[in-house]
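# Summary of the model geometry
Spelled out from the first residue to the last, the chains are:
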Amino acid sequence: MPRPNLLVLMTDQQRADTVDPSSPCRTPNLQRLAAQGTRFRRCYSTNPICSPSRASLMTGLLPHSHGMVDCTHTVEPYRADLKPDLPFWSRRLREAGYRTGYYGKWHIERSNRLEDFGFDSYELMESFEAAEVGCRRVPDTGFLERRRSLGLPESDRRWERKGMVRHPGYRDLLLHGVVDEPVEGTREHYVFSRGIDFLNGAARGDRPWCLFLSTAGPHDPYVVPREYRRRYDARSLAPPPSFNDDLAGRPGIYRRMQRVWDQLEWADFAEATACYYAFCSLIDDQVGRVLRVLEETGLSENTLVLFLSDHGDYMGAHRLMLKGVPAFEEAYRVPLILTGPGVNPGQEVPGIVSLLDVAPTLTELTLGESFSCQGRSLRPLLEGNGSGWDSEAYAEMQGQRMAYTQRVLWRDSHKYVFNTFDEDELYDLDQDPHELRNLAGSRAPLCREMAARMWEIARATGDYNLYESQYGCFRWAPVGPEL
Ligand SMILES: [Ca+2]
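Computed from a predicted structure; not experimentally measured. (Residues numbered from 1 in each chain as written. Predicted model: local features only at pLDDT ≥ 70, side-chain atom pairs only at ≥ 80, totals over all residues.)

Looking now at the overall build of the chain. Per the secondary structure count, the chain includes 14 helices and 16 strands. Overall size of the chain, expressed as C-alpha extent along the three principal axes, is 60 × 50 × 45 Å. Contacts spanning at least 24 positions in sequence make up 68% of the contacts within the chain whose residues lie at least 6 apart. (Helix = DSSP H or I, 4+ residues; strand = E, 2+ residues; numbered from the N terminus. Contact = placed C-beta atoms within 7 Å.)

On to the sheet that holds strand β15 (residues 414–419). Taking strand neighbours across the sheet as the criterion, the 4 strands line up as β13-β14-β15-β16 in an open arrangement whose pairing is antiparallel. Every other strand in the sheet has two partners, leaving β13 (392–397) and β16 (425–428) as the edge strands with one partner each. Direction aside, neighbouring strands of the sheet carry axes that sit 10 degrees apart on average. In this structure, β13 lies alongside strand β14 (residues 406–411), joined through 6 bridges in antiparallel fashion. Within β14, the position partnered with E392 by the bridge is R411. In the packing of helix α13 (residues 444–460) onto the sheet, contacts are made with β13, β14, β15 and β16, and the angle to β15 comes to roughly 70 degrees. (Pairing = 2+ DSSP bridges. Axes fitted to C-alpha atoms, helices over the stretch in contact; angles between N-to-C directions.)

What you tend to see is this: most non-glycine residues have negative phi, and most peptide bonds are trans. For the bond running from G217 to P218, omega is 0 degrees, close enough to zero to count as cis. Here P218 lies in the loop between β7 (209–214) and β8 (222–225). Residue P326 is reached from V325 by a cis peptide bond, and omega for that bond is 5 degrees. By secondary structure assignment, the location of P326 is in the loop between β9 (303–309) and α10 (329–332). Look at R319: it is not a glycine, yet its phi comes out positive at around 55 degrees. Secondary-structure assignment places R319 in the loop between β9 and α10. Residue R319 is classed as buried on the basis of its 24 C-beta neighbours within 10 Å. (Buried ≥ 20, exposed ≤ 12 C-beta atoms within 10 Å, placed from the backbone.)

This brings us to the domain arrangement of the chain. Partitioning the chain into structural domains gives domain 1 (5–390) and domain 2 (412–483). Here domain 1 and domain 2 have C-alpha centroids that lie 29 Å from each other. Broken down by secondary-structure element, the contributors of at least two residues to the side of domain 1 that touches domain 2 are α3 (63–66) and α8 (252–259). Of the residues belonging to the side of domain 1 that touches domain 2, the class tally is 6 nonpolar, 6 polar and 3 charged. (Domains from an automatic or database assignment. Nonpolar A, V, L, I, M, F, W, Y, C, P; charged D, E, K, R; others polar.)

This is the structure:
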């Protein structure tokens, strides 16, 4: 068998539970994909915002190691570059002879020169709202031509309704909305159309290929064509079990962030959720389009298909929206589905894995090569051999615009959050899956054990800024790094 092709489908800000079979969010194409392959129930991102987690996905390194610790679009230029000469699995595939293509949202660094990162052909896109936050725009020529050909406005949408959030002195925030436009006018449809063009070209060639399709949805604002919004009844959606959490006993900044949404009733959260689910269903339809082309061109047999997202969204959990700190499951747990040669079909993996594990898994399944990084190849799990797998993941939050440094460690059912700006958190996810009870004050021995493991990881991965925080001003972890 020749080397397998690789199709990566990545969404932005899609929670893991949107692809659970029991979710009210309907994703039939992803359900079919999962049935053909392996679904990971507990895959954690390394960071709850775009650029750091995306750079981890491509390099298998934690944010302090690849250097992208904040989102690229608002920082000074010197902070929007990755450290030089980082390993990218995509570069390794191109060196090995793969034909490579990338279409959609990048947001890993700011040069936007993907030939430097292993992609022969690419077309980048940002969201409609990117310009408003000062993001350097990538040219959207092809997409705007598509909008023109459909008779749609280029710089705005044909709005049916908008859900806004308002605060004195801040620009109004568009949270969700419905447009009177066909699905063909969305960026998601365009990205997948470009991907299908790539596949049709690759099918005629004799080289293995790697295609990366990256959508801006279902990232906020959750804006969908009317036909998709009609698929959901907001009144039938139940509040999440943590909706009435007052966040007592958790860091004060969590409660402060909760107050941002004070003006919203449950009905508003429900409308946002319906739009979000509709956005996920819209993307699922695009996944269906590209998978049909794989079938029709005879490529599916020797193609690995990976579906994932960069981080999640609170969507009403703990009465929060979007992401950032806090470190709850809804922001960190992401969907991860893999199918193709070497992957057991119809399998669900309960063990903990990380976005760091994607890079070494992909080079092993495509090239039979290891990849030097901080992740672990998922191959044993994909082959159904979970014995001996250490169920652990680790993440870093280095702040976003504002500094609130945090480290997160998952081990089996426990989650420990080292908050440098407030008291720590400890959750037992078996007993308390919705994270309503902070056990950090009552389980001191376990906190010390988890903190000791955090220090081990900090030392092993070269997180010296944290590891060397031994001056008198910094000694407030449950235990120090020298134990
Ligand atoms: Ca993101």
